[in-house]
Amino acid sequence: NSHRRFFLSYASPVLWSAALIATAIVVGRRGTSDAALATWLAWGAVIGSAAQFIVQLPMALSLIRGFRPSLAVRDPGVQTTLRAFVPIFIGRGSVQLSAYVDQLIASYLGETIVAAMFNAQTLSMLPISMFGMAVSAAELPEMSSAIGDAAARAEHLQKRLQSALRRVVFLVVPSAVAFVAIGGPIIALLYQTGRFSAHDTDVVWIILAGSSIGISASTQSRLLGSAFYALGDPRSPLRAALVRVVVTATLGWALALPVRDMLGYSAPWGAAGLTASAGVAAWIELFLLRRWLGERIGPVPNPVRLGAG
């Protein structure tokens with residue numbers, strides 16, 4: 001990505017998926033138990049991960065000719081990377097952490113709801129992965145290339161954000177609307193076969209509609225996070241991510257369990273409350289990132305105006 005080569009790193013996960021599918025087909029035909037199949041799928045994930053790494057290695061080595069492995073952990077560059085690793089790991093993974101919290105709470109609503117949550121999260125992550133993560137990865141080296149004084153770097157970041165946010169909003173908002181408006185037919189087309197019934201489609205649709213609330217905010221937050229990383233500040237996205245996870249856990253737990261028990265709505269709507277809570281938390285995260293970034297570079301492009309334009 002630093003060398004503006006993006007295709008291979010984003011195409012290589014196909015090998016991971018292919019390894020899982022191949023493992024499921026080969027082992028499944030042998031009539032093994034569910035537990036044995038799960039174990040083999042875990043090994044399939046290991047094989048797929050190795051393939052995903054190996055296929056990128058030749059190009060990576062060609063781009064960094066003269067590279068020699070080293071354990072010099074006191075090197076200034078290595079020290080900088082180590083200090084930034086944990087904040088960036090948590091900050092970049094706020095979407096996944098929120099989804100994990102949702103899955104934990106959903107486990108109190110029954111196995112069916114856990115499976116429905118997984119299916120809904122798979123769909124809701126598609127626009128975030130395809131558009132938010134991709135655009136953010138492409139923008140990070142461009143944002144980091146800014147030179148000059150603080151004013152010049154701020155102006156450069158504002159211009160990059162203006163264009164990138166417009167692209168993300170243009171691509172993601174229709175996806176979120178589609179999940180709410182025609183989510184049922186989409187889910188039926190992808191999942192409704194075998195044991196997956198029309199009722200299961202309705203349950204996943206309800207949960208997916210709740211997830212749609214935060215899709216736009218999540219993708220925009222990744223872009224703003226890249227701007228902070230370009231400024232050498234990995235801690236602001238970390239703080240915003242922690243707030244997001246706390247809000248997701250607190251509000252989601254309340255809507256899925258005690259409030260549901262008090263008002264008596266069904267488990268699927270409790271799960272929808274979980275995903276909607278994560279969406280609200282995503283907007284809070286975006287608000288914090290916009291506010292803190294605005295203090296560093298000046299006015300941040302307004303996503304509402306971009307979406308209307």
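Data block above holds the structure.
Please read all numbers here as calculations on a predicted model, not as lab measurements. (Residues numbered from 1 in each chain as written. Predicted model: local features only at pLDDT ≥ 70, side-chain atom pairs only at ≥ 80, totals over all residues. Heavy atoms only, no water.)

Peer 1: I'd like a rundown of the packing of aromatic side chains, residues and numbers included.
Peer 2: Given two aromatic rings, their pairing is described by the distance between the two centres and the angle made by the two planes. On inspection of all chains with the given rule, the structure shows 2 aromatic pairs. Relative to Phe-89, the ring of Phe-85 has its centre 5.8 Å away and its plane inclined at 20 degrees; by these criteria the two rings are stacked. Of the two residues, Phe-85 and Phe-89 both sit in helix 5 (residues 76-92), 4 residues apart, roughly one turn of that helix. The two residues Phe-85 and Phe-89 agree in class, both being exposed. Here the guanidinium or amino end of Arg-239 rests over the ring plane of Trp-292, the centre of that ring lying 4.1 Å away. (Phe/Tyr/Trp six-rings, centres within 6.5 Å; stacked < 30°, edge-to-face > 60°. Helix = DSSP H or I, 4+ residues; strand = E, 2+ residues; numbered from the N terminus. Buried < 20%, exposed > 50% of the residue type's maximum accessible area, 1.4 Å probe, protein only. Lys NZ or Arg CZ within 6 Å of the ring centre and 35° of its normal.)

Peer 1: Break down the packing of helix 7 (residues 111-144) against helix 10 (residues 198-211) for me, with residues and values.
Peer 2: Remark: helix 7 packs on helix 10, axes separated minimally by 9 Å, with the N-to-C direction vectors making an angle of 50 degrees. With respect to helix 10, the axis of helix 7 lies oblique. Judged by the sense of rotation from one axis to the other, the crossing of helix 7 with helix 10 is right-handed. Contact with helix 7, carried on its side by Ile-113, Ala-116, Met-117, Asn-119, Ala-120, Leu-123 and Ser-124, involves Val-203, Val-204, Ile-207, Leu-208 and Ser-211 of helix 10 and no other residues of that element. Looking at the contact of helix 7 with helix 10, its residues break down into 9 nonpolar, 3 polar and no charged. (Axes fitted to C-alpha atoms, helices over the stretch in contact; angles between N-to-C directions. Parallel < 35°, antiparallel > 145°, perpendicular 65-115°, else oblique. Left-handed = near helix turned anticlockwise from the far one by under 90°. Contact = heavy atoms within 4.5 Å. Nonpolar A, V, L, I, M, F, W, Y, C, P; charged D, E, K, R; others polar.)

Peer 1: I'd like a rundown of unusual backbone geometry, residues and numbers included.
Peer 2: Despite not being glycine, Arg-4 has its phi angle at roughly 60 degrees, a positive value. Residue placement: Arg-4 occurs in the segment before helix 1 (7-11). Residue classification places Arg-4 among the partly exposed residues on the basis of a relative accessible area of 38%.

Peer 1: So, the pattern of salt bridges: which residues are in play, and what are the values?
Peer 2: Within this structure, the stated rule accounts for 6 salt bridges. Its salt-bridge partner being Glu-142, residue Arg-4 comes within 3.0 Å of it at the nearest N-O pair. With Arg-4 in the segment before helix 1 and Glu-142 in helix 7, this pair connects stretches of sequence that are 138 residues apart. Among the ionic pairs, Glu-139 bridges to Arg-167, the shortest N-O distance being 3.0 Å. With Glu-139 in helix 7 and Arg-167 in helix 8 (residues 150-181), this pair connects stretches of sequence that are 28 residues apart. (Salt bridge = Lys/Arg side-chain N within 4 Å of Asp/Glu carboxyl O.)

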